[in-house]
Amino acid sequence: MAAVIYEKKGHIAIITLNRPEALNALNADIHRELNETMVDFRDNDDLWVAILTGTGDRAFSAGADIKGFQPGTGEAPQRRSEPPVRADTIWKPVIAAIHGYCLGGGLELALTCDVRIAADNAQLGQPEVNIGFMAGGGGTQRLPRFIPRAVAAEILLTGNRINAEEALRWGLVSRVVPRDQLMSTAMEIAETICQRGPLGIRATKEAIIRGYDMTLPDGLYLEAEKVAYVRTTDDFMEGARAFAQKRTPDYKGK
Ligand code: COA
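Along every chain, residues carry numbers that run from 1 in the direction the sequence is written. Reporting of local features is limited, given that this is a predicted model, to residues whose pLDDT is at least 70; pairs of side-chain atoms are given and counted only at 80 or more, and all residues count toward the totals for whole chains, interfaces and linings. The side-chain quantities take in all heavy atoms of the structure and omit both hydrogens and water.

Q: Where do I start with the site of the ligand in this structure?
A: Surrounding the ligand, one finds 16 residues, the nearest of these being Arg 58, Ala 62, Ala 64, Ile 66 and Lys 67. Counted as a polar contact is a pair of N or O atoms within 3.5 Å, where, for protein atoms, one must be capable of donating a hydrogen and the other of accepting one, and residues adjacent in sequence contribute only when both atoms are in side chains. Here a nitrogen atom of the ligand sits 2.8 Å away from a polar atom, N or O, in the main chain of Ala 64. Backbone polar atom of Ile 66 to a nitrogen atom of the ligand: 3.0 Å apart, as the coordinates give it. Computed on the free molecule, the ligand has an accessible area of 860 Å², of which 63% lies beneath the protein chains in the complex. When we say a residue is near a molecule or strand, we mean one of its heavy atoms is within 4 Å of it. Here, Shrake-Rupley sampling with a 1.4 Å probe gives the accessible areas, and only protein chains in the shown set may cover a residue.

Q: Looking at this structure, I do not really get the sheet that holds strand β4 (residues 59-61). What am I missing?
A: In any sheet, the strands associate via hydrogen bonds between backbone groups, in a parallel or an antiparallel arrangement. Taken in spatial order, the 4 strands make up an open sheet running β4-β6-β8-β9, and their pairing is mixed. Because the sheet does not close on itself, it has two edges, and the strands there are β4 and β9 (162-163). With 3 bridges connecting them, strand β6 (residues 101-103) and strand β8 (residues 123-125) associate as parallel partners. Bridge pairing links Cys 102 to Leu 124 in β8. Only strands that DSSP links by at least two bridges are regarded as paired with each other. Runs of E in the DSSP output that reach at least two residues are strands. Runs of H or I that reach at least four are helices, and both are numbered from the N terminus.

Q: Can you help me understand empty space enclosed by the protein in this one?
A: In this approach the atoms are scanned with a rolling probe the size of a water molecule, which exposes any empty space left behind. Cavities and pockets were defined on a 1 Å grid built from protein atoms only: a cavity is a group of points that admits a 1.4 Å probe but offers it no way out, a pocket is an open group of points flanked by protein on both sides within 12 Å along at least five of seven lines, and a lining residue is one with an atom within 4 Å of any such point. Grid points are joined across faces, edges and corners, and a volume is the space filled by probe spheres set on the points. Following the criterion strictly, the structure yields 1 cavity of 30 Å³ or more and no others. Put simply, the largest cavity is a space of about 50 Å³. As for the largest cavity, its lining consists of Trp 48, Val 49, Pro 93, Ile 193, Cys 194, Arg 196, Pro 198, Ile 201 and Arg 202. Per element, the largest residue contribution to the lining of the largest cavity is 3 residues, and it comes from helix α7 (residues 198-212). Taken together, the residues of the lining of the largest cavity break down into 7 nonpolar, no polar and 2 charged. As annotated, the domain borders come from an automatic or database domain assignment. When residues of the lining of the largest cavity are sorted by domain, at least three fall in each of domain 1 (4-66 + 81-194) and domain 2 (198-245). All residues other than Ala, Val, Leu, Ile, Met, Phe, Trp, Tyr, Cys, Pro, Asp, Glu, Lys and Arg, Gly among them, are scored as polar; the first ten of these are nonpolar and the last four charged.

Here is the structure:
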């Protein structure tokens, strides 16, 4: 059985973590297959947007596979020459469709996505400290950058979970919907993004992510570089032509 289900619907990829018996806990198989899937999504010109979710009714993902934990050696990690292909290293948008438990590495995975939406049954948290560990998939760095620091610190230091409404209040997710509308809402957002010019979308995502760590002047220069590039594309002229001719644009990603 695949640890990650990979479906393609038109320009949209649906990537589903598939280990429901362990609440989609992230073991080596899921990590490997997710990486392979993200590489295919990145390199496939026909795919423009991805949705990441978890199978079953109970969890997006309950985080790292605790049962596979081994003692560490204490050695500092080498900087990887080939980091895993994460959603925030690909310039195509990725939407996290979160339901049930979204904990530890599961939340950290969702934090690499661009848009996060939650079902009303979602429970989010970084419970690693509950088991004598700590967030290690970027949680200590991304969470305090994405939501108020005191809220992030409380989540990371208490190990307590927050529910979907609290996540919405802190801007950790952009919408909360009934569980049975989660995937249709994610598809709706993905389809909306697919109707836009894909090269403008990708340049926007790259500018958001790379610009985040820059000074404002450097970020504005990056934006100007991206704008200069998008203006050279066929899609840019197609968008303007379609507007003038009062028709739907036919973007080719060129
Ligand atoms: N790693 C490995 N297995 C996990 C897991 C994880 N992170 N989270 C859940 N599972 C397994 C459970 O061991 C159980 O397996 P079993 O049926 O073989 O006993 C199954 O998934 C169902 O989980 P269970 O604990 O029985 O469900 P619950 O409703 O009582 O509790 C949670 C749900 C999410 C609160 C609880 O499973 C939990 O705390 N998980 C760990 C979350 C965590 O600390 N994540 C960060 C890891 S660093």
